[in-house]
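Per-entry structural report
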Amino acid sequence: MTTKRVVADLIVTGCGQLVTLAKSDGTPRVRSALKDLAIIADGALAVAGGRLISVGPRDVVLATTGTSAQTNHVDVGGAVVMPGLVDCHTHTVFADYRLDEYEWRVAGTPYAEIAARGGGIAKSVGHVRAASEAELLSRTRQRVHSAIRHGTTTIEIKSGYGLSLEHELKQLRVVRTLRDELPITVVATFLGAHAIPKEMAADREGYVQAVVHDMIPRVAAEGLAEFNDVFCEVGAFSREETERILRSGQRAGLKARIHADELTDTGGAELAASLGAVSADHLKKTNDNGIDRMAKAGVFGVLLPGTSFGLPSLELAPARKMVDAGMRLAIATDFNPGSSTSESMPMMTSIACSHMRLSPAEALSMATYNPAFVLGREGDVGSLEVGKRADFLVLDCRDYREVANHFGINPVARVFVAGREWVAA
Ligand SMILES: [Zn+2]
């Protein structure tokens, strides 16, 4: 009996560790499953039409894959090959870094004083409103290119520095342009409820109304976002306001996410569970009840270690407790111009391991396979399995644990997106 072999466009061999993260039941990794990266020694993979058609030990892949004169053969000489990183929480559309503020923060200036000097989110709102769409696009493009060089092949990007219909739409159009021009997967989130803008300080209800009645319907009608996010925090949006904004988004077809319990325990985790939100993110101050509720509801906790690192404070979410409780967990950069000024997912795994006490394997599961579920892209990305997009990285090392351990450098040597090597134009 002969079977017709699919002819590969690309065959990659010499993968000393082929870190597949394959999981036969296709469910998120929790508890001990986070440590199982499904690594194949001396592995290989084959690609056709941008998708993986074979992943396994070298001999098996070579014996079962068809080739032609056009097939591109790449031998990576014993390097680690792993899935492209999935950064499920970023604020990449901004104009300028807040460098004065960084100096003040490291000198110990309290946040209230920084805010009184016009710092914080308000500062970035001023920058974004002053920038043209073309200027924002060009700066954001450069940052996304840098994220790709650091291994990110799927990225979520939020608005939230416009805080008016005009400027929120401007930010989301930048995300849409990048989604259309880049080969990587770009996912948009509307975060009009990031802060109350200065000009509405005396009328917060008026701003909440504008988010609910003007912005959300327009964003949904123009298909500019898949997710709706709210900063639920003392000084930002109350639990009650958060619930109204997220429910109105859900009615418009936008899935809910929450910036929850970052600075104070506002009950954001419980709210995420009761609303059926996709995720609650930050969670530094989440209490045991919140952890339990999220674990039971299957709501993802997105950990943002770069934010604590950059603030600078090493106060972090109780990640070990969350793993033990069986919570679904992911790690993301929270890349933004103030607190987490890094687009490097490898750096996030370093902080998560050294300071949240995750193992390198747990951190990689939370940076690839699990966040694909947060973004609803689990059928496409996050692991190296037949049928998924051929988004993979060739690392400059022979042991995946170096990704976390060897910090402050870029461990990514080559990036392949849908089976083609990424080369910035
Ligand atoms: Zn954030």
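Shown above is the structure to which this text applies.
Anyway, here's the lowdown on the structure attached to this text. These numbers come from a predicted model, not from an experiment.

Remarks on the nonpolar core
Counting 117 residues, the largest nonpolar core has Phe 237 and Ile 245 as the members making the most contacts within it. Looking at this core, the element that brings in the most residues is helix α7 (residues 204-221), giving eight residues. Looking at which domains feed residues into this core, each of domain 1 (10-83 + 382-421) and domain 2 (86-374) gives three or more. When near neighbours in sequence (up to four residues on either side) are disregarded, Phe 237 contacts Ala 193, His 194, Ala 195, Ile 196, Arg 204, Tyr 207, Val 208, Val 230, Phe 231, Cys 232, Thr 242 and Ile 245.

Here's the deal with the side chain of Ser 350
Within the element layout of this structure, Ser 350 appears in helix α13 (residues 345-356). Given the relative accessible area of 5%, Ser 350 is considered buried. There is a polar contact of 2.6 Å between the side chain of Ser 350 and the backbone oxygen of Ala 404. With residues up to four places along the chain from it excluded, the contact list for Ser 350 reads Val 403, Ala 404 and Phe 407.

Some words on the environment of Val 403
Structurally, the position occupied by Val 403 is in helix α16 (residues 402-405). The spacing of Val 403 and Met 345 is 58 residues in sequence and 9.4 Å in space, taken between C-alpha atoms. Residues contacting Val 403, with those up to four places away along its chain left out, are Pro 346, Thr 349, Ser 350, Leu 364, Leu 395 and Pro 411.

Quick look at the coordination of the zinc ion
Protein coordination of the zinc ion is provided by His 89 (NE2), His 91 (NE2), His 259 (NE2) and Asp 334 (OD), with donor distances spanning 2.1 to 2.3 Å. With four donor atoms in place around the zinc ion and angles of 84 to 170 degrees between them, the coordination shape is irregular. Each donor residue of the zinc ion lies on one chain, and together they are spaced H-x1-H-x167-H-x74-D. With His 259 in strand β10 (residues 255-260) and Asp 334 in the loop between β13 (328-331) and α13, the pair connects residues that are 75 residues apart, well separated along the chain. Comparing His 259 with Asp 334 shows no difference in burial state: the two are buried.

Some details on unusual backbone geometry
Backbone geometry at Ala 38 places phi at a positive 50 degrees, although glycine is not the residue there. With a relative accessible area of 22%, Ala 38 lands in the partly exposed category. Positioned with a positive phi, Leu 283 is a non-glycine residue whose angle comes to about 60 degrees. The topology assignment puts Leu 283 in the loop between β11 (279-282) and α10 (288-297).

Details of helix α9 (residues 268-275)
α9 sits mainly inside the fold: seven of its eight residues count as buried. All buried positions along α9 are accounted for by Gly 268, Ala 269, Glu 270, Leu 271, Ala 272, Ala 273 and Leu 275. Buried residues along α9 sit in contact with α8 (239-251), β10, β11 and α10. Phi turns positive one or two residues past the end of α9, at Gly 276, with a value near 70 degrees.

Focus on the packing of aromatic side chains
Following the criterion strictly, the structure yields six aromatic pairs and no others. Measuring from centroid to centroid gives 6.5 Å for Phe 300 and Phe 373, while their planes differ by 25 degrees, and the two rings are stacked. With a gap of 73 residues between them, Phe 300 in strand β12 (residues 300-303) and Phe 373 in helix α15 (residues 369-374) connect regions that are remote in the sequence. Phe 373 shares its class with Phe 300; the two are buried. Taking 4.6 Å as the distance between ring centres and 10 degrees as the angle between the ring planes, the aromatic pair formed by Phe 392 and Phe 416 counts as stacked. With a gap of 24 residues between them, Phe 392 in strand β14 (residues 392-395) and Phe 416 in strand β15 (residues 412-417) connect regions that are remote in the sequence.

Let's talk about the sheet that holds β12
Spatially, eight strands are ordered β6-β7-β8-β9-β10-β11-β12-β13 in an open sheet, and the strand pairing comes out parallel. Across the chains shown, the open sheet's two edge strands, defined by having one partner strand only, are β6 (85-87) and β13. Averaged over all neighbouring strand pairs, the angle between strand axes comes to 25 degrees, with direction disregarded. Contacting β10 and β11, α9 crosses the sheet at an angle of about 170 degrees to β10.

Quick look at the pairing of strand β2 (residues 39-48)
Most of β2 sits out of view: seven of its ten residues are buried. Direction of pairing for strand β1 (residues 10-19) relative to β2: antiparallel, over a ladder of seven bridges. If you follow Leu 18 over to β2, its bridge partner there is Ile 40. Here β2 runs beside strand β3 (residues 51-57); their pairing, made up of six bridges, is antiparallel. Its bridge partner lying in β3, Ala 46 is registered against Ser 54.

Parameters and conventions
- Residues numbered from 1 in each chain as written.
- Predicted model: local features only at pLDDT ≥ 70, side-chain atom pairs only at ≥ 80, totals over all residues.
- Heavy atoms only, no water.
- Core = buried A, V, L, I, M, F, W, Y, C linked by side-chain atoms within 4.5 Å.
- Buried < 20%, exposed > 50% of the residue type's maximum accessible area, 1.4 Å probe, protein only.
- Helix = DSSP H or I, 4+ residues; strand = E, 2+ residues; numbered from the N terminus.
- Domains from an automatic or database assignment.
- Contact = heavy atoms within 4.5 Å.
- Polar contact = N/O pair within 3.5 Å; in protein donor to acceptor, adjacent residues only side chain to side chain.
- Donors = N, O, S within 2.8 Å, 3.2 Å for Na, K, Ca; no water.
- Tetrahedral: all angles 85-135°; square planar, octahedral: opposite > 155°, others 65-115°.
- Phe/Tyr/Trp six-rings, centres within 6.5 Å; stacked < 30°, edge-to-face > 60°.
- Pairing = 2+ DSSP bridges.
- Axes fitted to C-alpha atoms, helices over the stretch in contact; angles between N-to-C directions.

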